[in-house]
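# Examining the three-dimensional arrangement
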Amino acid sequence: MRKNKNIINLVSNIYLSPSNFIYPLFIVEGKNRKEEINSMPGVYRFSIDCLLGEIDACLDVGINSFMLFGVEDRKDELGSWAYRDDGIVPSAIKKLRDVYKDDVTLFADVCLCQYTVSGHCGLISNGVIDNNKTLEILNKISIVYASAGVDFVCPSSMMDYQVKSIRKALDDNGFHMVGIMSYSTKFNSSFYGPFRDAALSRPQFGDRSSYQLDYRNPSLAILESLKDVEEGADIIMVKPALAYLDIISKIKERIFVPLAAYNVSGEYSMIINSGLDLEKVTMEVLYSIKRAGADIIISYFAKDLFLKMKGF
Ligand SMILES: [Zn+2]
């Protein structure tokens, strides 16, 4: 079965296609800004005017889905820049929708950690995360993104009932066609370090163990995904990917909505700085995520991988 390349290719049955990738983009205020993130060589923060070049480059290689993250230094207790009409992400969504129409599929992260003084994913009351008050803010953010023209909102704060709450808020405001990709199974992981530098979202006290999942409990991780499907998630997600391939595989066997895996910043940095053959290792890693059962991969590698595959 491995006598030559043709036979090997004949019997292979897992493929990577740019149409199954979502490319993450960090967006900052201002003009003419393209700033490389120190811990993630090759990944940049863009002002909206500079974003277009990056998106054009992705479209050229067949990547047409994008995940938008706002990087905001105007922080307050309520994270109000997350849900202002003139905030970074709604402004970017409007611009991209205007320029690219339906040629791009836009996903936008819905969370508070980039926008609050505390750097936590929820509002703080009496020193602890206030789940239900946070839901109200997540609803507001989702409606603003939907009004701007996003295709999918992506709640990532791991608050209980966030999907149910956002689904109702979207429907009540006439946004039945806006989907939810839920960060359903998000572990309390050390692999997010570079992202927190990129998005200025490092918690100012404590950690996220009261709302993110403990990696020693796979059953609870699967249950979280089941719950989000029940609450109305259109796409669910496991994050991070590489240390959690078993979870991806188990969820894939039990749940029938599309499953995304987030190949996170720490996984990217680890490989970029490894000294290994970057192209080959990237392929091997992304194939492992696909093989585990992910339908969609969110990865910082996506653009460069398909540029190389297309011989650019
Ligand atoms: Zn967050």
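So, a few notes on the structure that sits alongside this text. The shown structure was predicted, so the numbers you read here are calculated from the model rather than taken from an experiment.

### Observations regarding helix α8 (residues 245–254)
Note on helix geometry: an α-helix contains 3.6 residues per turn, so any two residues three or four positions apart are oriented the same way. The set of residues buried in α8 consists of I247, I248 and I251. The buried side chains of α8 occupy one side of the element, clustering within an arc of 100° when seen end-on. Residues of α8 that are exposed and point over 90 degrees away from its buried face: D246 and E253. Where the residues of α8 are buried, they touch β9 (179–186), α7 (218–231), β10 (235–239), β11 (259–263) and α10 (278–292).

### A word on the nonpolar core
Counting residues in each nonpolar core, the largest one holds 100 residues, and the members touching the most others are I27, L68, A108, V153 and I248. With nine residues, helix α4 (residues 131–148) is the single largest residue contributor to this core. Not counting chain neighbours up to four residues away, the residues in contact with A108 comprise L68, V89, I93, Y145, V150, V153 and C154.

### A few points about the pairing of β9
Counting buried positions along β9 yields eight of eight residues, so the element is predominantly enclosed. The sheet contact formed by strand β8 (residues 152–155) and β9 spans two bridges and is parallel. In the sheet register, F152 faces β9, and the bridge partner there is G179. A crossover links β8 with its parallel partner β9, the connecting element being helix α5 (residues 162–172), and its sense is right-handed. Pairing of β9 with β10 involves four bridges; the strand directions are parallel. Along β10, the bridge assignment pairs T185 with V238.

### Describing the environment of S19
Its place among the elements puts S19 in the loop between α1 (5–10) and β1 (21–28). Overall, the presence of 10 C-beta atoms within 10 Å leaves S19 in the exposed class. Residues S19 and N273, spaced 254 residues apart in sequence, show a C-alpha to C-alpha distance of 27 Å.

### Re the pairing of β11
Most of β11 is tucked away, with five of its five residues classed as buried. Along β11, one buried face is formed by L259, A261 and N263 and the opposite face, lined by A260 and Y262, is buried too. Pairing analysis gives three bridges linking β10 to β11, with the strands arranged parallel. Residue pairing across strands places M237 opposite A260, the latter belonging to β11. Here four bridges tie β11 to strand β12 (residues 296–299), and the two strands are oriented parallel to one another. Following the sheet pairing, A261 is matched in β12 by I297.

### Remarks on the environment of I180
With respect to the element layout, I180 can be found in strand β9. Given 24 C-beta atoms within 10 Å, I180 falls into the buried group. Sequence spacing of I180 and H120 is 60 residues, and the spatial spacing of their C-alpha atoms is 22 Å.

Thresholds applied
Residues numbered from 1 in each chain as written. Predicted model: local features only at pLDDT ≥ 70, side-chain atom pairs only at ≥ 80, totals over all residues. Buried ≥ 20, exposed ≤ 12 C-beta atoms within 10 Å, placed from the backbone. Helix = DSSP H or I, 4+ residues; strand = E, 2+ residues; numbered from the N terminus. Arc of directions from axis to C-beta. Contact = placed C-beta atoms within 7 Å. Core = buried A, V, L, I, M, F, W, Y, C linked by C-beta atoms within 7 Å. Pairing = 2+ DSSP bridges. Right-handed = clockwise from strand over helix to strand, strands pointing away.

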